[in-house]
Amino acid sequence: MVRRNQMKNFKFDIEKAKKINEKINAVLEFTTVEGNKEGEYYSTPFLVKDNIQVLGTKNTCGSKILENYNSTYTATAVRKLLNAGFTVVGKTNLDEFAMGGSNENSAFGPVKNPWDLERIPGGSSGGSAAAVAAKMVPFALGSDTGGSVRQPASFCGIVGYKPTYGAISRYGLSAFASSLDQIGVLANNVENAAIVVETMSGKDEKDSTSLDIKWDLTSQLNNKLEKLKVAVPKEVFELDGIDEDVLNKFKENIETLKKNGVEIEEINIPHLKYTVSIYYIIAPSEASSNLSRYDGMRYGLRDEKESLKETYMQTRDSGFGIEVKRRIFMGAFTLSSAYYDAYFAKAAKIRNLLNQDFEKAFEKYDAILTPTSPTLPPKIGELKSPLQYYLMDLFTIPANMIGAPAISIPAGKINDLPFGIHLISKPLNDAKLLRIAKQFE
Ligand code: GLN
């Protein structure tokens, strides 16, 4: 296959990468961890989001609390890539603990969008997205809890693919919201994304949620699918907060696909309107529990005070940034015994209903199509309220809620800024999703 060779021939130019990085702040650390010399992809370079452990690199999670923390082992996903010969060339900037959609929440400064340096690259895998868009590497790893691989891919004009939940081991990925987290890939095209995920996928004894699968995502990739049936949720045109430019470009895309023989119909996803609300209950709840481990005793920063309790409090106060604190507060509240039924239990029920909406849709359609993000990337510092950012996850969150595979692919430009479309398919239907994406690419 031609593209395989293209990725294999990619030469990493560290001097050039460092120069680019001075402008975009995408990479926190350039370090080389060489892959297996016998591997098929020996020396093909990639970058890893700095919340995935790679022995020989730091793992800051974009946080002051882990500023000086060194990885103590290598994540299974990265280990598999190293075995295949791929070579780690550095770690990428991110929103602190992957909480955010803009990269403005990093303790190490915002990442800049290579298309327009005044704008955000999206997030939380914004460093990975910007580095691939700036052509430093052919792909980079990210993590996706509510859209963090797909939304920055869309804002930077590249491919972002989050596979079915459990397809890739989470061992070595710093936990944010464990029932939603998944490692994904940001790549320069669909084919490379497929190769990388195929290599990383499969059962890992160290992650009990990993699936016992042996995936072939590449051999059928170029075979065109006939009689494709795709659904567009009516809500895309009805809900508030979706930019007119985005809607118009999306409609243009629909027309082109129809002309190319794709059958597209509108459907209702009645619980779509609740996705942001339930995500911002479920994700912070899980995060508040996962982040309790950063207590100044076990890892990273310790801000020593008189008593143990004061040390805990001081360490967390000086180590965590504002957005992480906000999520911990929200999560501790929604999990508290007085409010558990009112918030968490209710959100879990709606998550089930959303799942049913999608199951029904997948009985009839091969994929669900939306814009990846309801807006274009805003300027750094432009949005003032966290709510404005939370609303950006409207179309990407459902895939995490139902564990389904989803992908963002470039679909044109609006005022010189990249625009991406987003496809969700049935869980475990990754091979088909990628074939559809390849066809739409
Ligand atoms: N933007 C979402 C959030 O802030 C998604 C983050 C993610 O997928 N890691 O939580």
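Residues numbered from 1 in each chain as written. Predicted model: local features only at pLDDT ≥ 70, side-chain atom pairs only at ≥ 80, totals over all residues.

- For the protein chain, an unreviewed UniProt entry supplies the name Glutamyl-tRNA(Gln) amidotransferase subunit A and the organism Marinitoga aeolica.
- Heading Subunit (unreviewed entry) of the UniProt record for the protein chain holds this comment: "Heterotrimer of A, B and C subunits."
- Under the UniProt heading Sequence similarities (unreviewed entry), the entry covering the protein chain gives this text: "Belongs to the amidase family. GatA subfamily." (UniProt positions renumbered as here; feature names shortened; annotations may be inferred.)

## Here's the deal with the site of the ligand
No. 1: The local shell around the ligand holds 14 residues, among which Ala-98, Gly-101, Thr-145, Gly-146 and Ser-148 are the closest.
No. 2: Residue classes in the shell around the ligand are distributed as four nonpolar, eight polar and two charged. (Near = placed C-beta within 6 Å. Nonpolar A, V, L, I, M, F, W, Y, C, P; charged D, E, K, R; others polar.)

## Concerning the packing of helix H9 (residues 275-290) against helix H12 (residues 341-364)
No. 1: Direction vectors running N to C along H9 and H12 enclose 125°, while the axes themselves pass 9 Å from each other. Comparing the axis directions of H9 and H12 gives the class oblique. Two packed elements cross with a definite hand, and for H9 against H12 that hand is left-handed. Contact with H9, carried on its side by Thr-275, Ile-278, Ile-281, Ile-282 and Ser-285, involves Tyr-343, Phe-344, Ala-347, Ile-350, Arg-351 and Leu-354 of H12 and no other residues of that element.
No. 2: When its residues are assigned to classes, the contact of H9 with H12 shows eight nonpolar, two polar and one charged. (Axes fitted to C-alpha atoms, helices over the stretch in contact; angles between N-to-C directions. Helix = DSSP H or I, 4+ residues; strand = E, 2+ residues; numbered from the N terminus. Parallel < 35°, antiparallel > 145°, perpendicular 65-115°, else oblique. Left-handed = near helix turned anticlockwise from the far one by under 90°. Contact = placed C-beta atoms within 7 Å.)

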